[in-house]
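Each chain is listed here by its residues.
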Amino acid sequence: MSWITHDSSTVYENAWISVREDRVTGPAGEGIYGVVTMRNPAVFVVAVDDQDRVCLVTLERYTTGRSIEVPAGGSDGEEPLVAAQRELAEETGFEAADWTRIGAMNALNGIADAPEHVFLARDLRPITGADARAQDEEGIDAVAWVPFADVLAMIADGRITDGETVAAIAMAGIRLGRFR
C-alpha cells in the first residue's frame with residue numbers, strides 16, 4: 001500500500017529544521033504523521049591516518065548526553081565535500097589531502113527527511129595554527145585517534161552509540177576491505 005497525504009501544515013520551523021504534520025492514510029489507516037525536515041544535508045567524516053587509526057571526537061549532546069562520534073555537522077548550504085573539509089578542520093584541527101565520498105544515508109527515516117553524506121579522509125596533517133576555539137564552540141571535549149579495530153570494539157561494547165557514527169564506520173570498513 002502507498003501512503004496518501006491528504007493535507008499538510010508546518011507547525012514549527014527555524015534556521016535548521018522544519019516540522020510539519022501530515023494527515024495521511026497509511027497501512028494502519030487514517031492518522032497524523034509528523035515529519036522533521038533538515039534545511040541542509042549533514043556530513044560525516046571518517047578520518048583514517050597512516051597508522052590505521054580513526055579520529056573520534058567526544059562531546060556532550062543536549063539531547064542524549066556524552067557521545068563519541070566521527071567529526072560531523074551540517075552542510076550549511078555548502079557543497080558536501082566543502083562542508084566535510086570544514087567540519088574536520090573545525091572539530092579536530094586536521095586537514096586531509098585525500099577525500100573519497102563513500103556513501104549517503106538518511107537519519108531517522110521513519111520521522112525525518114535528513115539526508116547525510118559520508119566521506120573517507122586520508123593523508124591527514126595538523127593545521128598549523130588551528131584555532132582551539134572552534135572545538136570549544138562545537139562543545140568538543142576530546143579528539144582521539146583510535147585504532148580501527150578498537151573503534152569496532154567500542155561499537156560492540158556500547159561506548160559508541162551514535163547511529164550515524166556506527167553507519168559511517170561501517171561504510172568506511174566496507175570501503176577499506178575490513179568486512180569481507
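About the cut-offs
Residues numbered from 1 in each chain as written. Predicted model: local features only at pLDDT ≥ 70, side-chain atom pairs only at ≥ 80, totals over all residues. Heavy atoms only, no water. Salt bridge = Lys/Arg side-chain N within 4 Å of Asp/Glu carboxyl O. Helix = DSSP H or I, 4+ residues; strand = E, 2+ residues; numbered from the N terminus. Buried < 20%, exposed > 50% of the residue type's maximum accessible area, 1.4 Å probe, protein only. Pairing = 2+ DSSP bridges. Phe/Tyr/Trp six-rings, centres within 6.5 Å; stacked < 30°, edge-to-face > 60°. Polar contact = N/O pair within 3.5 Å; in protein donor to acceptor, adjacent residues only side chain to side chain. Contact = heavy atoms within 4.5 Å. Expected span 1.5 Å × (residues − 1).

Visitor: Give a description of the pattern of salt bridges that names residues and reports values.
Guide: Across all of its chains, the model carries 13 salt bridges by this definition. Across the pair Arg39 and Glu13 runs a salt bridge whose closest N-O atoms are separated by 2.9 Å. In this pair, Arg39 is assigned in the loop between strand S3 (29-38) and strand S4 (42-47) and Glu13 in strand S1 (residues 4-13), connecting sequence segments 26 residues apart. A relative accessible area of 39% places Arg39 in the partly exposed class. Via salt bridges that share partners, Asp76, Glu78, Arg86, Glu87 and Glu90 belong to a single interconnected network.

Visitor: Talk me through the sheet that holds strand S9 (residues 112-113); I want residue IDs and the actual numbers.
Guide: Taking strand neighbours across the sheet as the criterion, the four strands line up as S1-S2-S3-S9 in an open arrangement whose pairing is mixed. A single partner strand is all that each edge strand has here, and the edge strands are S1 and S9. In the sheet, S1 pairs with strand S2 (residues 17-26) via eight bridges, with the strands oriented antiparallel. Looking across to S2, one finds that Ile4 is bridged to Thr25.

Visitor: Residue-level account of the packing of aromatic side chains, with values.
Guide: Tallying each qualifying case throughout the model produces three aromatic pairs. For the ring pair Phe94 and Trp145, a centre distance of 5.0 Å and an interplane angle of 65° mean the geometry is edge-to-face. Taken together, the residues span a long stretch of sequence, with Phe94 in strand S8 (residues 94-106) and Trp145 in strand S11 (residues 140-147) at a distance of 51 residues. The same class applies to Phe94 as to Trp145, namely buried.

Visitor: Break down the pairing of S2 for me, with residues and values.
Guide: Counting the residues that bridge the hairpin from S1 to S2 gives three residues. If you look at the hairpin formed by S2 and S3, you'll find two residues sitting between the two strands.

Visitor: Any chance you could break down the side chain of Glu69 for me, citing the residues and the numbers?
Guide: You can see Glu69 is positioned in strand S6 (residues 65-69). Of the polar contacts made by the side chain of Glu69, one reaches the side chain of Ser67; its length is 2.7 Å. Dropping the residues within four chain positions of it, Glu69 is found in contact with Cys55, Leu56, Val57, Leu59, Arg61, Asp162 and Thr165.

Visitor: Break down the environment of Gln51 for me, with residues and values.
Guide: Secondary-structure assignment places Gln51 in the loop between S4 and strand S5 (53-61). Taking the C-alpha atoms as reference points, Gln51 and Pro147, 96 residues apart in sequence, are found 7.7 Å from one another.

Visitor: Explain helix H1 (residues 80-92) residue by residue, including any values.
Guide: For H1, spanning 13 residues, the distance from its first C-alpha to its last is 18 Å, which sits close to the expected 18 Å at 1.5 Å a residue. Looking at H1, one finds that the buried residues are Pro80, Ala83, Ala84, Arg86, Glu87, Leu88, Glu91 and Thr92. Backbone geometry just after H1 places Gly93 at a positive phi near 80°.

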